[in-house]
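Structural overview for review
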Amino acid sequence: MEVVEQPFMEAVKEPGVTFLLAKFDGILGLGFREIAVGDATPVWYNMVDQGLVSQPIFSFWLNRKAEEENGGELIFGGMDPSHYVEPHTYVPITRKGYWQFDMGDFLIDGESTGFCAKGCAAIADSGTSLMAGPTGIITAINQAIGATGVMNQQCKAMVTQYGDSMIEMLMQKMSPYKICSQIGMCLQRFSEEARIASVVDRKSHNVGDAGCSVCEMAVVWAENQLLNNQSAEWIKSYLNNMCEHLPNPNGESVVDCNSLSAMPDVTFTIGGKHFSLTPEQYILKVGEGKEAQCVSGFMGLDVPAGPLWILGDVFMGVYHTVFDFGKERVGFAKAA
């Protein structure tokens, strides 16, 4: 396949240790034209416009069997039936840019975490190694798999001081953000748009944006337990336990390699169907023998317009992924 007149963008500076240590020659962007840098035409658009693909779709199969030589396959214009188990579950693209769609509830060991019960946005992205999600959910995962974090003291202090007030306001049907504004953990705003617009302002004035996020997470955790008819004392004890497992600010959390058999399955709801991952699938083992380290495949990510999930290679390694450009949808099926 030869794509003619394809523009390239040169990156002259890339911050971060990833670009310093990783050995690759460039980035092949497969997102929509709407996020192309410098209004450059993405190579995929040229493939379609120049009639180089039989169908306006591309698909990813990522081989998770380390002992095999073939690490995976990206097919432009189709998919290999030997790499998946039918059927694919398709969901429509909700926002052009990245391949963004709506997903439903997220479950740990079959139980709802409460954060995406009313829906979350999600992105399928082969350029993200792990799975990134709202910090509140990642904390619940960390609690279930025994990973620890570094933000627990601030969280515990807040529960001690404001736990009763938070529960009382929840019983009055107040929203998490309004509760956290009332107790002084978040700046009071009159609309969600104003709140999003205030993120840069808060950072530039060193206002405790992280404390606001922690507070909102704690309120959602408490709300979920109230729905289960738990007592106030039980909820405060539960919140303190959750505080122990807030993820590290840089995202990654380390777990005990000997505890995988005791860890729960986790489940994403996409297109009304459940897509589960076992501990062996969402825990990454680095190294061998006594030097081996097990890293959680989840990292915390909070965005102003969230909650948002990024389903990266950890997820795509388990589920064959089809990007249907013609019908503006993305599909998932069990990888073979």
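Look above for the structure.
Everything in this summary refers to the structure shown in the same document. Every value quoted in this text rests on a predicted model; they were computed, and no experiment measured them. (Residues numbered from 1 in each chain as written. Predicted model: local features only at pLDDT ≥ 70, side-chain atom pairs only at ≥ 80, totals over all residues. Heavy atoms only, no water.)

Regarding helix 3 (residues 135-145)
The buried fraction of helix 3 amounts to 9 of the 11 residues, a majority that puts the element mostly inside the structure. Restricting attention to buried positions, one finds in helix 3 the residues Thr 135, Gly 136, Ile 137, Ile 138, Thr 139, Ala 140, Ile 141, Asn 142 and Ile 145. Following helix 3 by one or two positions, Gly 146 adopts a phi angle in the positive range, close to 85°. (Buried < 20%, exposed > 50% of the residue type's maximum accessible area, 1.4 Å probe, protein only. Helix = DSSP H or I, 4+ residues; strand = E, 2+ residues; numbered from the N terminus.)

Considering the nonpolar core
Judged by nonpolar contacts, the single largest core of 80 residues is most densely connected at Phe 268 and Trp 309. The biggest single contributor to this core is helix 7 (residues 209-226), with 9 residues. Among all residues touching Phe 268, those that are not within four sequence positions of it are Met 103, Asp 105, Phe 106, Met 131, Lys 273, His 274, Phe 275, Leu 277, Phe 298, Trp 309, Leu 311 and Phe 315. (Core = buried A, V, L, I, M, F, W, Y, C linked by side-chain atoms within 4.5 Å. Contact = heavy atoms within 4.5 Å.)

Looking at the state of the cysteines
A complete count under the given rule lists 5 disulfides for this structure. A sulfur-sulfur distance of 1.9 Å marks the disulfide that ties Cys 155 to Cys 243. Between Cys 155 and Cys 243 the sulfur-sulfur dihedral comes to about -60°; the bridge is accordingly left-handed. Of this pair, Cys 155 sits in helix 4 (residues 152-171) while Cys 243 sits in helix 8 (residues 232-243), and the two are 88 residues apart along the sequence. The buried category is assigned to Cys 243, whose relative accessible area is 0%. Here Cys 180 engages in a disulfide with Cys 215; their sulfurs sit 2.1 Å apart. Here the disulfide of Cys 180 and Cys 215 is left-handed, its torsion about the S-S bond being about -95°. Placement of the pair is Cys 180 in helix 5 (residues 176-182) and Cys 215 in helix 7, with a sequence separation of 35 residues. Both residues of the pair, Cys 180 and Cys 215, count as buried. (Disulfide = S-S within 2.5 Å.)

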